[in-house]
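The chain contents come next:
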Amino acid sequence: MPKHKAANETPASPATPAALGFAMPAEWERHEATWLIWPHNQVDWPDKVDTVRWVYGEIVRKVCPGEVVRILVNGKADENIAQRYLTRAGADLRRVEFILHPTNRGWTRDTGPIFVKRGARGETAIVHFHFNAWAKHDDWQKDRRVPETAARLLGKRLFNAECNGKDFVIEGGGIEVNGRGTLLTTEQCYLDPKVQVRNPGLGRQEIEQTLQRYLGVTNVFWLVAGPVGDDTHGHIDDICRFVNPKTLVLIKEPNRKDVNYRPLARNWERIQDLRLEDGTRPEVVPLPMPAPLYFAGNRLPASYANFYITNAAVLVPTFNDPNDRIALGILGELFKDRPVIGLHAVDLVVGRGTVHCLTQQQPA
């Protein structure tokens, strides 16, 4: 039977993680667990929540062989529903822990606990980045408390991210690290002065310094923009991802008539300036885009870059597209230590995110 944990209070720490030797590890480093939120909000997936729950069953089934899966549920009824879906999907419920914590939405990458780590013994802590629904929606109050619940549950130190005396907002999908000191993000997401402004009044330098203090990075690099249809206004995890400390994949649109051609081409121009924390150039591997996908007349942000690296496998969103096979082949060549597995994401992306957006890793 799945385990059900209770939470014990852990106070927030006043010191910054970097000052204490903490840093955010890379996603491919060993996990203790993957965090998910059981899907329940019809606004995220209009008329598709039931279908999406079957996809969750497949995610959990693929993750469980390598690590524990911790799933936030709104109540006992949701837990019972989740157990039924997961059992029928063939997931190992002995590797699943349900955590009672009501949520607004289901995007664990942005609302879940962001972990930092230090020392030979691998002590971990959580940074609270104060989710505000991408500065776009009104329903975020329950989601914002998820890092606090995780800290109490796990008995972890909780760092309150702030800048100039105010809560600092950033989402897990808006940052990408190589675990050695370099962090990638985008100007569209965090420097736009008018659209979805997370931290009003803060400029590039203040944001970089805050990321350095709370994530232990030394090198922050800004790409330009993401694909059309992204509800987050430019999250990096739909654009550019590290696959090892010195190699990254960057999405590319070759069709000059496609609306994504110019913004993605600008990223390719910008990436030429990237130097890693040691001053070297990374290897940059192009990752294709699927053909345009639409729902209710709106372009969806379908991207193969939204993959998730687990202990047991790399889960890659697929879209019933000829480029699925090409993207899986590219990533299969880059990840030699674990299998690369396609995950049907045509229904997931209706919510304007796929497998990486739904998950959050807890380092071992």
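Residues numbered from 1 in each chain as written. Predicted model: local features only at pLDDT ≥ 70, side-chain atom pairs only at ≥ 80, totals over all residues. Heavy atoms only, no water.

1. As for the packing of helix H1 (residues 49-63) against helix H2 (residues 76-89)
Here is step 1 of the chain: Relative orientation of the contacting elements H1 and H2 amounts to 60 degrees, with a least axis distance of 9 Å. Here H1 is positioned oblique relative to H2, judged by the angle of their axes. H2 is crossed by H1, and the crossing has right-handed handedness. Only Ile81, Tyr85, Leu86, Arg88 and Ala89 of H2 make contact with H1, whose side of the interface consists of Asp50, Arg53, Trp54, Tyr56, Gly57, Val60 and Arg61.
Here is step 2 of the chain: Residue classes in the contact of H1 with H2 are distributed as 7 nonpolar, 1 polar and 4 charged. (Axes fitted to C-alpha atoms, helices over the stretch in contact; angles between N-to-C directions. Helix = DSSP H or I, 4+ residues; strand = E, 2+ residues; numbered from the N terminus. Parallel < 35°, antiparallel > 145°, perpendicular 65-115°, else oblique. Left-handed = near helix turned anticlockwise from the far one by under 90°. Contact = heavy atoms within 4.5 Å. Nonpolar A, V, L, I, M, F, W, Y, C, P; charged D, E, K, R; others polar.)

2. Re the nonpolar core
Here is step 1 of the chain: By size, the foremost hydrophobic cluster in this structure holds 71 residues, and its most contacted members are Val60, Ile71, Leu86 and Phe307.
Here is step 2 of the chain: In terms of residue count, H1 provides more of this core than any other element does, 7 residues in total.
Here is step 3 of the chain: Each residue touching Ile71, except ones within four places of it in the same chain, is listed here: Leu36, Trp38, Val60, Leu86, Val96, Glu97, Phe98 and Ile99.
Here is step 4 of the chain: In this structure, Phe129, Ala161, Ile175 and Val217 belong to the second largest nonpolar core, which totals 25 residues. (Core = buried A, V, L, I, M, F, W, Y, C linked by side-chain atoms within 4.5 Å. Buried < 20%, exposed > 50% of the residue type's maximum accessible area, 1.4 Å probe, protein only.)

3. Some points on the confidence of the model for the chain
Here is step 1 of the chain: Per-residue confidence for the chain gives a mean pLDDT of 95; residues scoring 70 or more make up 96%.
Here is step 2 of the chain: Residue range residues 1-13 is modelled with pLDDT below 50. Its contacts to residues more than four positions away, or to other chains, number 36 contacts. (pLDDT = per-residue confidence, 0-100.)

4. Details of the pattern of salt bridges
Here is step 1 of the chain: The full count for this structure, using the stated rule, is 25 salt bridges.
Here is step 2 of the chain: With its nearest N and O atoms 3.3 Å apart, the salt bridge here joins Lys76 to Glu79. Separated by 3 residues within a single helix, Lys76 and Glu79 lie in helix H2, roughly one turn from each other.
Here is step 3 of the chain: Residue Lys136 pairs with Asp231 through a salt bridge whose shortest N-O separation is 2.6 Å. Residue Lys136 is found in the loop between strand S7 (123-128) and helix H4 (141-144), and its partner Asp231 is found in the loop between strand S13 (219-223) and strand S14 (240-244); the two are separated by 95 residues along the sequence.
Here is step 4 of the chain: Judged by its relative accessible area of 45%, Lys136 falls in the partly exposed class.
Here is step 5 of the chain: Sharing partners across several salt bridges, the network here consists of Glu27, Arg109, Glu176 and Arg241. (Salt bridge = Lys/Arg side-chain N within 4 Å of Asp/Glu carboxyl O.)

5. A closer look at unusual backbone geometry
Here is step 1 of the chain: You will see that Trp134, though not glycine, has its phi angle at about 60 degrees, which is positive.
Here is step 2 of the chain: Position of Trp134 among the secondary structure elements: in the loop between S7 and H4.
Here is step 3 of the chain: Backbone geometry at Arg352 places phi at a positive 70 degrees, although glycine is not the residue there.
Here is step 4 of the chain: Of note, Arg352 is situated in the loop between strand S21 (340-344) and helix H10 (355-358).

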